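Chains, contacts and geometry: an overview
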Amino acid sequence: MTLPVESRPPAQPEAEASALYGVAIALGQSKWAILGFTIVLMVVAALGSYLIPNTYTARSLLLPPQQGQSSAGSALAALGVVSMGLGGAVGVKSPEELYVSLLRSDSVADALIERFQLQQRYDEPKLANARKALAKRVLVSAERKSGLIKVEVEDHEPAFAAGLANAYADELRRVMNRIAITEASQRRLFFEQQAEHAKEVLAKAEMAFKDAQAKYGIQSIDVRAQGDIRASSELRAQIMTREVQVQSMASFAGPENADARRLASEIRSLRDQLNKVETGTGADSPNSEAALANQRAYREVKYQEALLSGLITQTELARGDEARQAPLVQQVDVARPPDLKSGPKRASITLVAGILGFLLACAFVLARRMLSSASSAVDSPSARRWRSVKAAWRLRSSA
């Protein structure tokens, strides 16, 4: 019994080669049309690119505070600056990125928008949209190797771009002065709050003293009693001031800190002096309720005055320390109006338009060839498939 002879499979390489030859022939026959369409599209793109206004990029280079100048980087992380509206600071790994996040913050953006009237310039009535428009025109980045921060600003006016780039350094300094970065900044804020509270209490004490005089009449206080009251009030105020200092140090210094131990020793010494003053004066006690009320009110006024004076002194000292410890942001390169434009890149636009035009023209030629081949062969499988496609996409069904 003989086995049937299997039929030979079609020669697929020859068919593929024939198809490629057909594509090459179709493109060759339409080469001038393809070339003409490509050239026309390149000319249109080149002319259209000249309708786009020139863009200029101004660059400013900032040197953030170094470790030798201040511990601002670690202090910022410890104070949780990320939670102060700096959404971009999440996942920060280096001090430079912290300052980049500060430069990108809404506080800096809002200040610049108001300073340069960017809502009117960008034609954005809403502040949120003005922030987005500003972010598209500004690039803030940190150079990992050098640790420098680069601020690049794009605008149609060179002078305006340079002014806006330089303003970022000014606004960064203002933000850093406003937030409590250093230990001295924390002390200054704490003492300012305590001084404001002491002013309110002093005003109430003065009113109570006036009320006592109005109720009981003006009672004379002898010179010796006045001296004792002043000495006692000043000692109490010094004790309270040092206790406030200890409280202000609680956020960054433990009980073993040298300054904390010194303050604790001074408080014990002052308490001993206060005890001697109050028990060893030998002054006669007031012999009437009116004199006693008057003296108590007077003592409270003097105590609050001494306390406020001590808090103001500590505030000024902390402010001086803050000025010395303030992080120093240095502007390495001051932005100047650029001479050369940064955009639009007309050569690139023309080249891309040429490549796109060439591909579109080739696709059109091949599609036309395929349709022509399908229409010419009425009974071929491709013709039947093409009729099925047209029937499927016909909007009106045939009757």
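All values derive from a computational prediction rather than experimental measurement. (Residues numbered from 1 in each chain as written. Predicted model: local features only at pLDDT ≥ 70, side-chain atom pairs only at ≥ 80, totals over all residues. Heavy atoms only, no water.)

What to know about the overall build of the chain
A tally of helices and strands in the chain yields 14 helices and four strands. Within the chain, contacts between residues separated by at least 24 positions form 80% of all contacts whose residues are at least 6 apart in sequence. Carbon and sulfur atoms make up 57% of the accessible area of the chain, which amounts to about 25400 Å² in all. (Helix = DSSP H or I, 4+ residues; strand = E, 2+ residues; numbered from the N terminus. Contact = heavy atoms within 4.5 Å. Areas by Shrake-Rupley, 256 points an atom, 1.4 Å probe, with all protein chains shown as cover.)

Quick notes on a nonpolar patch on the surface
Among the surface-exposed residues, Trp32, Leu35, Ile39, Val43 and Leu47 lie close enough to one another that they form a single nonpolar patch of about 540 Å² accessible area. One can find Trp32 in helix α2 (residues 31-49). Judged by relative accessible area, Trp32 falls into the exposed class, the value being 64%. (Patch = residues over 30% accessible without salt bridge, like charges linked within 9 Å, V, L, I, M, F, W, Y side chains within 5 Å. Salt bridge = Lys/Arg side-chain N within 4 Å of Asp/Glu carboxyl O. Buried < 20%, exposed > 50% of the residue type's maximum accessible area, 1.4 Å probe, protein only.)

Some words on the packing of aromatic side chains
Inspection of the entire model under this criterion finds one aromatic pair. Between Phe116 and Phe160, the ring centres sit 5.6 Å apart and the planes meet at 80°, which makes this aromatic pair edge-to-face. Of this pair, Phe116 sits in helix α5 (residues 106-116) while Phe160 sits in helix α8 (residues 158-178), and the two are 44 residues apart along the sequence. Above the ring of Phe160, the side-chain terminus of Arg121 is found at 3.7 Å from the ring centroid. Sitting over the ring of Tyr50, Arg346 keeps its end group 4.5 Å from the ring centre. (Phe/Tyr/Trp six-rings, centres within 6.5 Å; stacked < 30°, edge-to-face > 60°. Lys NZ or Arg CZ within 6 Å of the ring centre and 35° of its normal.)

Quick word on the sheet that holds strand β1 (residues 56-63)
With antiparallel pairing, four strands are arranged side by side in an open sheet as β2-β3-β1-β4. Here the strands that pair on one side only, and so sit at the sheet edges, are β2 (138-142) and β4 (330-333). Averaged over all pairs of adjacent strands, the angle between their axes in this sheet comes to 25°, without regard to strand direction. (Pairing = 2+ DSSP bridges. Axes fitted to C-alpha atoms, helices over the stretch in contact; angles between N-to-C directions.)

Some words on the pairing of β2
Two elements, β2 and strand β3 (residues 149-155), share five bridges in a ladder whose sense is antiparallel. Its bridge partner being in β3, Val140 is matched across the sheet by Val151. Remark: six residues form the turn of the hairpin made by β2 and β3, two consecutive strands paired antiparallel; Gly147 in that turn has positive phi of roughly 80°.

Focus: the nonpolar core
Membership of the largest hydrophobic core comes to 33 residues, with the highest contact counts inside it found for Leu103, Leu134, Val151, Leu164, Tyr168 and Leu172. Within the residue set of this core, elements represented by two or more residues are β1, α4 (95-103), α5, α7 (127-137), β2, β3 and α8. Among the elements that take part in this core, α8 stands out by supplying eleven residues, more than any other. Residues contacting Leu103, with those up to four places away along its chain left out, are Leu62, Val108, Val140, Ile149, Val151, Tyr168 and Leu172. Judged by nonpolar contacts, the second largest core, of 18 residues, contains Phe191, Tyr298, Leu307 and Ala318. (Core = buried A, V, L, I, M, F, W, Y, C linked by side-chain atoms within 4.5 Å.)

A word on the packing of α5 against α7
Relative orientation of the contacting elements α5 and α7 amounts to 100°, with a least axis distance of 10 Å. Here α7 runs roughly perpendicular to α5, going by the angle between their axes. Where α5 abuts α7, its residues Asp106, Ala109, Asp110 and Ile113 lie against Leu127, Ala130, Arg131 and Leu134. (Parallel < 35°, antiparallel > 145°, perpendicular 65-115°, else oblique.)

Re the pattern of salt bridges
Under the counting rule described, the total for this entry stands at eleven salt bridges. Between Arg115 and Glu171 there is a salt bridge, and its shortest N-O distance comes to 3.5 Å. Taken together, the positions of Arg115 in helix α5 and Glu171 in helix α8 put the pair 56 residues apart, joining distant regions of the chain. Two residues, Arg173 and Asp170, come together in a salt bridge whose shortest N-O distance is 3.2 Å. Placement of both Arg173 and Asp170 in helix α8 is noted, with a separation of three residues, approximately one turn of the helix.

Let's talk about α2
A turn of α-helix holds 3.6 residues, and therefore any two residues three or four places apart point the same way. Between its first and last C-alpha, α2 extends 27 Å over 19 residues, near the 27 Å set by a 1.5 Å rise per residue. For α2, the complete set of buried residues consists of Ile34, Thr38, Ala45 and Ser49. Summarising the axial view, the buried residues of α2 lie within an arc of 35°, below the 170-degree limit, and thus occupy one face. Looking at α2, the residues exposed on the side facing more than 90 degrees away from the buried face are Trp32, Ala33, Val40, Val44 and Leu47. (Expected span 1.5 Å × (residues − 1). Arc of directions from axis to C-beta.)

Focus: the environment of Leu202
For Leu202, the location among the structural elements is in helix α9 (residues 183-216). A sequence separation of 103 residues divides Leu202 from Glu305, and the C-alpha atoms of the two residues are 6.7 Å apart.

Details of the environment of Asp259
Here Asp259 lies in helix α11 (residues 258-279). You can call Asp259 partly exposed: its relative accessible area is 40%. The sequence separation of Asp259 and Val246 amounts to 13 residues, and the corresponding C-alpha distance is 8.8 Å.

What to know about α5
Taken residue by residue, α5 has Val108, Ala109, Leu112 and Ile113 as its buried positions. Down the axis of α5, the buried side of the element spans an arc of 130°, and every buried residue falls inside it. At the C-terminal side of α5, Gln117 shows a positive phi close to 50°.

Observations regarding the confidence of the model for the chain
Residues of the chain with pLDDT of at least 70 account for 71%, and the chain-wide mean is 75. Ignoring residues within four places in sequence, the model shows residues 68-92, a span with pLDDT below 50, making 35 contacts including any to other chains. (pLDDT = per-residue confidence, 0-100.)

Considering the side chain of Thr38
Checked against the element boundaries, Thr38 lands in helix α2. A relative accessible area of 9% places Thr38 in the buried class. For Thr38, the side chain forms a polar contact with the main-chain oxygen of Ile34, separated by 2.8 Å. (Polar contact = N/O pair within 3.5 Å; in protein donor to acceptor, adjacent residues only side chain to side chain.)

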